[in-house]
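Residue-level structural notes
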Amino acid sequence: MTVLFYGSVIDQAGGRNSFQPQHSASVRMLIDELGSCFGPRFQAFLLGDETCLFLVNGKGILSTGGLDTGLVPGDKIEILPFIEAG
């Protein structure tokens, strides 16, 4: 599983543009893991109203279960700033 950051999400992640999660079975668990790695401010940024768009294998999570969207090994998760998502 690979998580890719874009735009201002990279800035919030201290300049990193990717992350390899360990045990995230859902987007919600991934956000918790990202918070543990990058800190609570990053986690709050990800959860902010209309701050970020999450794509799992190219599909927005709003159509696949929201934060409860399941994740499996091999998934590609992209996190984009909402304004830059187009």
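The following refers to the structure shown.

The rules we used
- Residues numbered from 1 in each chain as written.
- Predicted model: local features only at pLDDT ≥ 70, side-chain atom pairs only at ≥ 80, totals over all residues.
- Heavy atoms only, no water.
- Salt bridge = Lys/Arg side-chain N within 4 Å of Asp/Glu carboxyl O.
- Helix = DSSP H or I, 4+ residues; strand = E, 2+ residues; numbered from the N terminus.
- Buried < 20%, exposed > 50% of the residue type's maximum accessible area, 1.4 Å probe, protein only.
- Phe/Tyr/Trp six-rings, centres within 6.5 Å; stacked < 30°, edge-to-face > 60°.

1. Observations concerning the pattern of salt bridges
Evaluation of the coordinates by the stated rule reveals one salt bridge. A salt bridge links Arg-28 to Asp-68; the shortest N-O distance between them is 3.1 Å. Here Arg-28 is found in helix α2 (residues 27-38), whereas its partner Asp-68 is found in the loop between β4 (59-60) and β5 (76-81), with 40 residues between them in sequence. According to the relative accessible area criterion, Arg-28 is partly exposed, its value standing at 40%. Judged by its relative accessible area of 53%, Asp-68 falls in the exposed class.

2. Quick notes on the packing of aromatic side chains
In this structure the tally under the stated criterion is four aromatic pairs. Geometrically, the ring pair formed by Phe-5 and Phe-42 is edge-to-face, given 5.6 Å between the ring centres and 70° between the ring planes. One end of the pair, Phe-5, is in strand β1 (residues 2-5); the other, Phe-42, is in helix α3 (residues 40-47), with 37 residues separating them in the sequence. Feature note: the residues Phe-5, Phe-19, Phe-38 and Phe-42 constitute an aromatic cluster, connected by ring pairs.

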